[in-house]
Each structure stands twice: as structure tokens, then as C-alpha cells.
Amino acid sequence: MKKIKSACSLAVLGVLSSLTFNAQAASATQIEKANQQVQEKLIEWRRHLHEYPELSNREFETAKYVAKHLKSLGLEVQTGVAHTGVVAKLKGDKPGPLIALRADMDALPVTEQVDIPFASKQKATFRGQDVGVMHACGHDAHVAILMAVAESLVKLKSELAGEVLFIFQPAEEGAPAGEEGGAELMLKEGLFAQMPEAVFGLHVTSSLNVGKVGLRSGPLMASSDKFTIKVKGRQTHGSRPWNGVDPIVASSQIIMATQTIASRQVDVTKAPSVISFGAIKGGVRNNIIPDEVEMVGTIRTFDQDMRADIKDRIKHTAELTAQAAGAQADVHIDHGYPVTVNNPELTAAMMPTLEAVAGKDNVVITDLITGAEDFSYYALETPGLFFFLGITPQDQDAKSAPSNHSPHFYIDEQGLPLGVSALTQLVFDYLER
């Protein structure tokens, strides 16, 4: 994984040190007017996208829908990026740097159970099973918001001092088995050939009420790595375990031993970490000790060095624990999304913008989030700022609202215009300096 290039980082830090919230009143009025004019379309786009969701790397119709809109705005549009991604660039009438805005497009293999007129009835095949498809994580809202931001910024092109790269990304939820996708593939294909000075993104969340914005400086969301441990023993009759090697008992010892990595071996004062086993498969009958057990799980961390250390410790612990039981452990770790880090200087510089748009009391500092996001790849290349947008109705307790990825996940559309206003104002306040 790449680190932020030092020259780019120094240049950006110099810019940020002099950046203040100083948008001219006329520009603020123009921005508000442009955003209000697109609100009806925002809801129309979101409802269409919600009714017709598509799984990761299969966002063919979604991409066509987005590209058609961007072309109608007269933008330079590139399609087929990382399979189905759509990228467009807007050049303002005034000279200035390039910045990027990102929205993810894919849906989940979830059957919707929300009673709304535009509920998804789409079906697909996922891992060999027939499944419902739903925008259960709100990516439909992200796409609609960025489509609206693009339209507003085009109307304000004469006031724009720089360039804006619009990124409509596929496969944030993960590419299908055997395929590449998402932010990592977009970057691999040259998305940042012209490096933006900064990248911004948002995510709707049911954990905040409408009108609220959540973020934190530094690590925000965890890295996510999947591991598979195959424990090989020697099959025997359950009544005579001494005639074989029991991989089930060895597996249970591995599970318990790995829990001491997070609790006893890494520095818990530096950053939290989680090691969870999600599935165990082994054996077919009550009186047969099997040859092999397979376990899968996930690793979550908020520090890249700790992430690498934990991977090494899991492998070491599993192999030696199995060896002590006379078994053998083969450990495979799929390296997933990195830690999502909000650049501290960028976050500090843009906080006044978010407070001005949402109201200071409506901007909250969130706890660390053990979920993961592939926006993290962009933020490894250039300073990034990622924030959360509340979409739970104001008269409902956000703590009890169905979470993202739930079949009952619900978006109060009154929360979406704030996302448009926030991103649009972030663009102008970053570029106007």
C-alpha cells in the first residue's frame, strides 16, 4: 500500500494552513439557490436507484443512468472504469487545483422489507443462491447526492476556482469471488493519474438523525481482513480419540489462544482491535472425529502497523497451537480494506464548513467505527475527509433504528439535501482561498 507522497503532502499542508471559512456571501447565496433547484431531482434519482439496485461489479444500468445525467451536464465522462465505474471532470472558469468527490454505487444481496412504493423487487444470483437485491447501505443516496452536486457545480462553473473529479465507484461492498473491483481497481487503472489535492466522501447512517453530521479526525473506520484457518488432524472413531488427532479440539484451542492477541499481546492503549471467528465447519457424524476443520473470521484494527503485527501473530499462534496438539494449521489471510483515516489538517480546515452548513450543534464527533470502507484507498494516496450523514427521522431514536445492511434499513429523504449542501460547500471553501 502506498503512503501519501511527501511532495504532495507538503503542498497540501501549506494550502490547509492558510485555509479558512471565507466563502463570499454572494457565492453562498448562489450555492444555496443551485442546491434548492435540484432537490426534486435528487429525490427522483434516489427513488429510481433504490427501486433498481444492482450488486457489486454488476452496476450496468446504474452506470448508464449516471453517465447519461453527467453527459447532459456537458461534462467529460469516462465509463467502464473498474468494470462499471463512471468518472467525470468539471473544469471551473477560474484556475485552481483538482479535488475529488466519491460516491459508491453497489447494492447488497438483501431482500427488502421496507413498505415504500419504490421498494426493490430485484432478484439476482449471489454465490450460487437466488437472492433479493436492496440498497440496504444507502449507496443509492450517495449516487443521487453526487449527481445533484455535479449539477449544482456545473451551474456555478463561473465561480469555481479549480477542477472537480466526480467518482461513481462500483463494488464498495466487495468484488465477487475471483474478481477485482472497487476503489483499489479504479486507482490501479489510473484514476489518480492527475493527483487530486484532496478527496471527499460521505456515507448515510441510521445511527444519526436527520440534520446531523458525524466525523472524527485521524482513524475513523477499521481495516478489514478475512482469515481462513484449516486445521488438519487424523480421522478416527469418536470412542477412541487416542488413535487419531482431533482437529476439533485443536481448533477450539486456537480460537481461545487467538483471543489473547487483542487482550494481552498488542498495546490496547494505542488502538483497539477485534479478532472474530464467524464460521466453523468440520465433521459429519457424532461418533467420528474428522480429518479437518475449517474456520473463517475477520480482523479489525485502526493502526496499519498493528494490523500487520496481528496478522503475523494469528499465523504464529494457530500453527504452534495446532502443533502442540499433534495437528497442522494452514493459515490464509485475505488482505482487505485499509484503515480509513481522515487527514487531521484537512479535517481541521474543513470543520468550519460542516458546522456552517449543518449548524455547530449538529456536527458530532463519532466513536471509532469497526466497519470498513474502501474510501480508505483514496485517502492513502491523497488527504481525505469522510463523514457521515444522518438519515433517521428526527422523531425516532437513532440508537434503535434498523442499521445499515438490515432489510429494514430506511432513509428519511429529508436528510439528503444536507449531503448536497455539505459537499458543494466543501468544494467551494476548499478551492476559494
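Counting of residues starts from 1 at the beginning of each chain's written sequence and follows it residue by residue. Totals for whole chains, interfaces and linings use every residue, but because this is a predicted model, local features are given only for residues with pLDDT of at least 70 and side-chain atom pairs only at 80 or more, for both listing and counting. Excluded from the side-chain calculation are hydrogens and water; included are all heavy atoms of the structure.

Novice: Is there a simple way to think about the sheet that holds strand S15 (residues 328-334) in this case?
Specialist: Within a sheet, neighbouring strands are paired by backbone hydrogen bonds and run either parallel or antiparallel to one another. An order of S12-S14-S10-S15 is seen for the 4 strands of this open sheet, with the pairing classed as antiparallel. Of all the strands in the sheet, the pair left with one neighbour each is strand S12 (273-281) and S15. Within the sheet, the average angular offset between the axes of one strand and its neighbour, ignoring direction, is 20 degrees. What makes two strands pair is DSSP finding at least two bridges between them. The helix count covers DSSP runs of H or I at least four residues long, the strand count covers runs of E at least two residues long, and both are numbered beginning at the N terminus. Here S12 runs beside strand S14 (residues 292-301); their pairing, made up of 8 bridges, is antiparallel. Within S14, the residue paired with Ala279 across the bridge is Val296. Any two residues having at least one pair of non-hydrogen atoms within 4.5 Å are treated as being in contact. Orientation is described by lines fitted to C-alpha atoms, with helices fitted over the stretch in contact, and by angles between N-to-C directions that extend from 0 to 180 degrees. Where helix H7 (residues 247-265) meets the sheet, it contacts strand S10 (223-232), S12, S14 and S15, and its direction lies at approximately 165 degrees from that of S12.

Novice: What's the story with the nonpolar core in this structure? I'm lost.
Specialist: Nonpolar side chains tend to gather and get buried jointly when the protein is soluble and globular. One finds Leu101, Leu153, Phe166, Phe168 and Phe200 to be the most contacted residues of the largest nonpolar core, which totals 73 residues. The contact partners of Leu101, leaving out residues within four places of it in the chain, are Leu146, Val149, Leu153, Val164, Leu165, Phe166, Ile167, Phe200, Leu423 and Val427. By size, the runner-up hydrophobic cluster in this structure holds 25 residues, among which are Phe227, Val245, Ile275 and Met295. We define a nonpolar core as any set of buried Ala, Val, Leu, Ile, Met, Phe, Trp, Tyr and Cys residues linked to one another through side-chain atoms lying within 4.5 Å. The buried label goes to any residue with under 20% of its type's maximum accessible area, the exposed label to any with over 50%, and the partly exposed label to all in between, with areas taken from a 1.4 Å probe on protein chains only.

Novice: How should I be thinking about the packing of aromatic side chains in this particular structure?
Specialist: Given two aromatic rings, one states the distance between the centres and the angle between the planes to describe the pair. For Phe, Tyr and Trp, rings pair up if their centres lie within 6.5 Å, where Trp contributes its six-membered ring, and each pair is then called stacked (planes under 30 degrees apart), edge-to-face (over 60) or tilted (otherwise). Inspection of the entire model under this criterion finds 7 aromatic pairs. Here the aromatic rings of Phe375 and Phe386 are separated by 4.8 Å at their centres, their planes lie at 35 degrees, and the arrangement is tilted. Of this pair, Phe375 sits in helix H10 (residues 375-381) while Phe386 sits in strand S18 (residues 384-392), and the two are 11 residues apart along the sequence. The two residues Phe375 and Phe386 agree in class, both being buried. Taking 5.8 Å as the distance between ring centres and 85 degrees as the angle between the ring planes, the aromatic pair formed by Phe386 and Phe388 counts as edge-to-face. Taken individually, Phe386 and Phe388 each receive the classification buried, so the pair is uniform in this respect.

Novice: What's the story with the side chain of His135 in this structure? I'm lost.
Specialist: On the secondary structure map, His135 appears in the loop between strand S5 (129-132) and helix H5 (139-155). Of the polar contacts made by the side chain of His135, one reaches the backbone nitrogen of Asp140; its length is 3.4 Å. Leaving out residues up to four positions away in the same chain, His135 has contacts with Leu49, His50, Pro53, Met105, Asp106, Ala107, Asp140 and Phe409. Pairs of N or O atoms within 3.5 Å make up the polar contacts considered here, provided that, within protein, one atom can donate a hydrogen while the other can accept it, and that residues adjacent in sequence are counted only when both atoms are side-chain atoms.

By themselves, these figures tell us nothing about what the structure is for.
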